[in-house]
Amino acid sequence: MKASKALSGISRRDLFRLSGQFGLSSVVLGAGALTGAVTLPSLAKAAESTYDKRFSKEPKHTLKLGASGFNARNLLIERAGVLEFARDLEERTEGEIRVEFIGDNQICGQLSCVEKTQLGVVDMYAASTQNSAGGAPYLNVLDYAYMFPSRASQYHFLYSPESQRILREPLEKRHGLKFLFSHCELRGIQLGQSFADKPTVTKLEELFGTKNRVTGTQLGRIAMQQLNLNPVPVAWEETLDGLKQGLIDGAETWASAVAYANMAPVVSQSVDLKFFCGTEHTSMSAKVFDAMEPHLQDAIMESAYLAQVHVQAANEAALVKTVGFSDPQLPGTIFAENNVRPAFLADDQVKMAEEMCSPEFNPEPWAQWRERINGWAGGIDTYQEIYDVARQIPKDMLPENVEPRRWWRSA
């Protein structure tokens, strides 16, 4: 049975009942540790066992983790590592830190989690860097078009000690956020029902003139404008209906987001444009981190490292085995069951897109934002620095083969 279906036999009412008995975090963490088909008795047993372990001693610190729309079901589709991080941190600190996992948009959503963390409503959050860029504009630094040639290059950068200087330290200084770990995918165009009866897209020009939903990133909007993809801001609640009715042609996001956010029934083709980052990250309040005892700070970093290594392997497997973002496509995957066709463009088409919209070939549209971000980073050329780190590994390296490193230690 697919991991994404493991909880499909449990009703929302039963989940709420168990949450009332053992707490949402214990249910979610217990569910995340189960494999295969999950029954109500097995989930109840896992939740009780997790609860007993977590509450065997009084914690020194209880950290609220606002996990936007994530829950135990969809974290088995897009492997963002949030549950693994929380579980490992509690175990590693032997209960000195307890993590209260609050998902399903109950305390914050994709756009608001960053602000709720800055305000101290939650201590940690999980959301995409692109949606979080509204509250923490420095996160736009990841979104220059075609700065990353592959998912492997994204992981390589996050593991690199250079990411401290270029990404993490300016983010902490400017926005009070400690970037812990992230999943890595590259964004494409997810075409709706207006493309259901059309052949699978093979040429970039077939996308020209289409109208596409854009997320909160300013730099993503620049890339889409240069590619003639007509970016339109559409509320998430209206996106699915817009794709279904043909009011918009597509939406820019990444493959596993289509699967976990229940977009697959209204998406017909997933076009792998690879044009900028799709990074579902977890950050925490730097103020909260700095107030921790040194051994607990070490534990947080080690658990973040474990989560990063987990995500690197698990999400790559899930893209093929759970999502169905492959050619050929495995039967029983979410894309296969919803007739979503992956459209992998030839290298010359991706190169054409890169030459149309990247700062490397078309610097003018990026100049203002590039200067602004560089100023926030203390005057370094952020695009060029990340571009160079991203090309320290071969372009065709498999993402799962990138060597993990503890980025906070100088190499």
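Higher on the page you've got the structure.
Quick look at the structure, then. Quick caveat, the model's predicted, so the values are computed rather than measured.

### Topic: the packing of helix H4 (residues 82–92) against helix H13 (residues 294–323)
Running from amino to carboxyl end, H4 crosses H13 at an angle of 145°, the nearest separation of the two axes being 9 Å. The interaxial crossing formed by H4 with H13 has right-handed handedness. Mapping the contact onto sequence places Glu84, Phe85, Asp88, Leu89 and Arg92 in H4 and Ala299, Ile300, Glu302, Ser303, Ala304, Leu306, Ala307 and His310 in H13. Counted by class, the contact of H4 with H13 contains 7 nonpolar, 2 polar and 4 charged residues.

### Thoughts on the nonpolar core
Among the nonpolar cores identified, the biggest contains 129 residues, and Phe85, Phe148, Phe157, Leu273, Phe275 and Ile300 are the most heavily contacted of them. Ranked by the residues each element gives to this core, the list is headed by H13, at 10 residues.

### Looking at the sheet that holds strand E13 (residues 341–343)
In spatial order, the strands read E8-E7-E9-E6-E10-E13; together these 6 strands make up an open sheet with mixed pairing. Every interior strand has two partners, whereas the edge strands, strand E8 (231–233) and E13, have only one. When strand polarity is set aside, the average angle formed by the axes of neighbouring strands in this sheet is 30°. Taken together, the 3 bridges between strand E6 (residues 188–191) and strand E10 (residues 269–271) define a ladder with antiparallel strand orientation. Note that in E10 the partner of isoleucine 189 across the bridge is valine 271. Relative to the sheet, helix H10 (residues 236–245) contacts E6, strand E7 (212–214) and strand E9 (250–253), its axis offset from that of E9 by approximately 130°.

### Some thoughts on the state of the cysteines
For the structure shown, the criterion picks out 1 disulfide. Shown here is the disulfide that connects cysteine 108 with cysteine 113, its sulfur atoms set 2.0 Å apart. Residues cysteine 108 and cysteine 113 are joined through a disulfide that is right-handed, its torsion about the S-S bond being 80°. The burial state of cysteine 108 is the same as that of cysteine 113; both residues are buried. The thiol of cysteine 184 is not disulfide-bonded; the next cysteine sulfur, from cysteine 277, is found 6.7 Å away. Residue class for cysteine 184 comes out buried when judged on its relative accessible area of 0%. With no disulfide of its own, cysteine 357 lies closest to cysteine 277 among cysteine sulfurs, the gap being 13 Å.

### Examining the packing of aromatic side chains
In this structure the tally under the stated criterion is 13 aromatic pairs. Ring centres of tyrosine 144 and tyrosine 383 lie 5.3 Å apart, and the angle between their planes is 65°; on these two criteria the pair is classed as edge-to-face. Of this pair, tyrosine 144 sits in the loop between helix H6 (129–132) and helix H7 (151–159) while tyrosine 383 sits in helix H17 (residues 382–390), and the two are 239 residues apart along the sequence. Like tyrosine 383, tyrosine 144 is buried. Look at tryptophan 407 and tryptophan 408: their rings are 5.0 Å apart centre to centre, the planes differ by 80°, and that puts the pair in the edge-to-face class. Taking relative accessible area as the criterion, tryptophan 407 reaches 1% and is therefore assigned buried. Here a set of aromatic residues connected by ring pairs shows up, and it is made of Tyr144, Trp366, Tyr383 and Tyr387. Above the ring of tyrosine 387, the side-chain terminus of arginine 391 is found at 3.5 Å from the ring centroid.

About the criteria used
- Residues numbered from 1 in each chain as written.
- Predicted model: local features only at pLDDT ≥ 70, side-chain atom pairs only at ≥ 80, totals over all residues.
- Heavy atoms only, no water.
- Axes fitted to C-alpha atoms, helices over the stretch in contact; angles between N-to-C directions.
- Helix = DSSP H or I, 4+ residues; strand = E, 2+ residues; numbered from the N terminus.
- Left-handed = near helix turned anticlockwise from the far one by under 90°.
- Contact = heavy atoms within 4.5 Å.
- Nonpolar A, V, L, I, M, F, W, Y, C, P; charged D, E, K, R; others polar.
- Core = buried A, V, L, I, M, F, W, Y, C linked by side-chain atoms within 4.5 Å.
- Buried < 20%, exposed > 50% of the residue type's maximum accessible area, 1.4 Å probe, protein only.
- Pairing = 2+ DSSP bridges.
- Disulfide = S-S within 2.5 Å.
- Phe/Tyr/Trp six-rings, centres within 6.5 Å; stacked < 30°, edge-to-face > 60°.
- Lys NZ or Arg CZ within 6 Å of the ring centre and 35° of its normal.

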